[in-house]
Amino acid sequence: MQQFGDRAQLNSQERLFLSLSEQLSRPLLQVAQLAELAADDPETAAERWRLVQIIAQSSLHLVESYALSLRVSGKITPLEMEPVTVSSLLYDTAGALEPFAKQYGVSLELDPALRMQPIMADRMVLQSAMVSLGQVFVLAQSQSDEPSPVHLNAHRGRYGVVAGLYGGSALLGKDNLRRAYALQGRARQPLQRLVSGPAAGVFVADSLLHTLAARLHVARYRSLTGLATTLQPSQQLQLI
């Protein structure tokens, strides 16, 4: 695995910023190339500018999610905890991911969530984490010869409501995720079992979830493997 120089002195936020900057280099190059092609070929300019818009929006989301994690963790922006319906959250996440997934020829499947009580979370923080994670899964599937759908799913787990995205490699395990955190900012492909590239969306999502006292973990549901988080049900609505 190709690695950069010794970066043992970097803190977690510096390594996250490094992963993000490396992740954004590819879409910025794509935008530059598409803009050049649009100028050279007016007949295809409209389609190329449409792609530029999709790429820019997905990249902007990742940057805004990173900034949100900094603002919340630094207590610049306070958390707004409220009861959140997981099924509606995943529905909105799928809607936000749809243009990006369509660009890469990957379908999204919103698995019907069981009737369950809402969870307590800051909706903006949680959805930003899910969309950031979803971008990684879309890219992962797009690198396959036969892309499988990316599944958005929530189900009851032993310790709460498990919500996440599925469709990654069946070989993905908790040791791979643990190693990816150790290699974050030091290797070009810290999570090779899932996706080639920096996988910055995984680390941004995890940073956001940490502000909610949650974390990412490898999850398996039926025949699917993915990354998810366990969320606590809202006690306010427990009797409704």
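Here, every reference points to the structure presented above.
Quick look at the pattern of salt bridges
Thinking step 1. All told, the structure shown has three salt bridges when counted by the stated rule.
Thinking step 2. Arg-50 serves as the salt-bridge partner of Glu-47, at 2.7 Å between the closest nitrogen and oxygen. Of this pair, Glu-47 and Arg-50 are both found in helix α2 (residues 45-73), three residues apart, which corresponds to roughly one turn of the helix.
Thinking step 3. Glu-47 sits in the partly exposed class, given a relative accessible area of 40%.
Thinking step 4. With a relative accessible area of 37%, Arg-50 lands in the partly exposed category.
Thinking step 5. A salt bridge links Asp-92 to Arg-123, with the nearest nitrogen and oxygen atoms 2.6 Å apart. Residue Asp-92 is found in helix α3 (residues 86-103), and its partner Arg-123 is found in helix α4 (residues 123-142); the two are separated by 31 residues along the sequence.
Thinking step 6. By relative accessible area, Arg-123 is classed as partly exposed at 22%.

Topic: the nonpolar core
Thinking step 1. Judged by nonpolar contacts, the single largest core of 56 residues is most densely connected at Ile-119, Leu-126, Leu-133, Leu-165, Leu-194, Val-202 and Leu-227.
Thinking step 2. Ranked by residue count, the leading element in this core is α4, at 11 residues.
Thinking step 3. Tyr-166, Ala-219, Tyr-221 and Ala-228 belong to the second-largest nonpolar core, a separate cluster that totals five residues.

Notes on the pairing of strand β5 (residues 161-166)
Thinking step 1. Taken across its six residues, β5 has six buried, putting it largely inside the fold.
Thinking step 2. Burial along β5 is two-sided: the residues Val-161, Ala-163 and Leu-165 and Val-162, Gly-164 and Tyr-166 are all buried.
Thinking step 3. Connecting the antiparallel pair strand β4 (residues 150-156) and β5 is a turn made up of four residues, with Gly-160 showing a positive phi of about 150°.
Thinking step 4. Relative to strand β7 (residues 224-231), β5 runs antiparallel, the two sharing six bridges. Residue pairing across strands places Val-161 opposite Leu-231, the latter belonging to β7.

What to know about the sheet that holds strand β2 (residues 108-110)
Thinking step 1. Pairing in this open sheet of five strands is mixed, and the strands run β2-β4-β5-β7-β6 from one edge to the other. One side of each edge strand has no neighbouring strand; the edge strands of this open sheet are β2 and β6 (217-221). Between one strand axis and the next, the sheet turns through 30° on average, direction left out of account.
Thinking step 2. Packing of α4 onto the sheet brings it into contact with β2, β4, β5 and β7, and relative to β5 it is tilted by some 35°.

Digging into helix α6 (residues 200-211)
Thinking step 1. In this model α6 runs 17 Å from its N-terminal to its C-terminal C-alpha over 12 residues, within 8% of the 16 Å that 1.5 Å per residue would give.
Thinking step 2. Burial analysis of α6 places 11 of its 12 residues in the buried class, the great majority of the element.
Thinking step 3. If you follow the buried residues of α6, they end up packed against α1 (12-40), α2, α4, α5 (174-183) and β7.

Examining the environment of Leu-70
Thinking step 1. As for its position among the elements, Leu-70 is in helix α2.
Thinking step 2. Since its relative accessible area comes to 32%, Leu-70 is described here as partly exposed.
Thinking step 3. On a C-alpha basis, the gap between Leu-70 and Thr-211 in space is 9.5 Å, while along the polypeptide they are 141 residues apart.

Brief notes about the packing of aromatic side chains
How two aromatic rings sit relative to each other is set out by the distance from centre to centre and by the angle between their planes.
Thinking step 1. What the rule picks out here adds up to four aromatic pairs.
Thinking step 2. Here Phe-17 and Tyr-66 contribute two aromatic rings whose centre-to-centre distance is 6.1 Å and whose plane-to-plane angle is 45°, an arrangement assigned as tilted. Placement of Phe-17 in helix α1 and of Tyr-66 in helix α2 is noted, with a sequence separation of 49 residues between them.
Thinking step 3. Given the relative accessible area of 49%, Phe-17 is considered partly exposed.

Concerning the packing of α1 against α6
Thinking step 1. In contact at an axis separation of 9 Å, α1 and α6 are set at 140° when each is read in the N-to-C sense. Helix-helix and strand crossings are classified by hand; for α1 and α6 the assignment is left-handed. Listed contacts from α6 to Gln-13, Leu-16, Ser-19, Leu-20 and Gln-23 of α1 are Ala-200, Phe-203, Val-204 and Ser-207.

What counts as what
Residues numbered from 1 in each chain as written. Predicted model: local features only at pLDDT ≥ 70, side-chain atom pairs only at ≥ 80, totals over all residues. Heavy atoms only, no water. Salt bridge = Lys/Arg side-chain N within 4 Å of Asp/Glu carboxyl O. Helix = DSSP H or I, 4+ residues; strand = E, 2+ residues; numbered from the N terminus. Buried < 20%, exposed > 50% of the residue type's maximum accessible area, 1.4 Å probe, protein only. Core = buried A, V, L, I, M, F, W, Y, C linked by side-chain atoms within 4.5 Å. Pairing = 2+ DSSP bridges. Axes fitted to C-alpha atoms, helices over the stretch in contact; angles between N-to-C directions. Contact = heavy atoms within 4.5 Å. Expected span 1.5 Å × (residues − 1). Phe/Tyr/Trp six-rings, centres within 6.5 Å; stacked < 30°, edge-to-face > 60°. Left-handed = near helix turned anticlockwise from the far one by under 90°.

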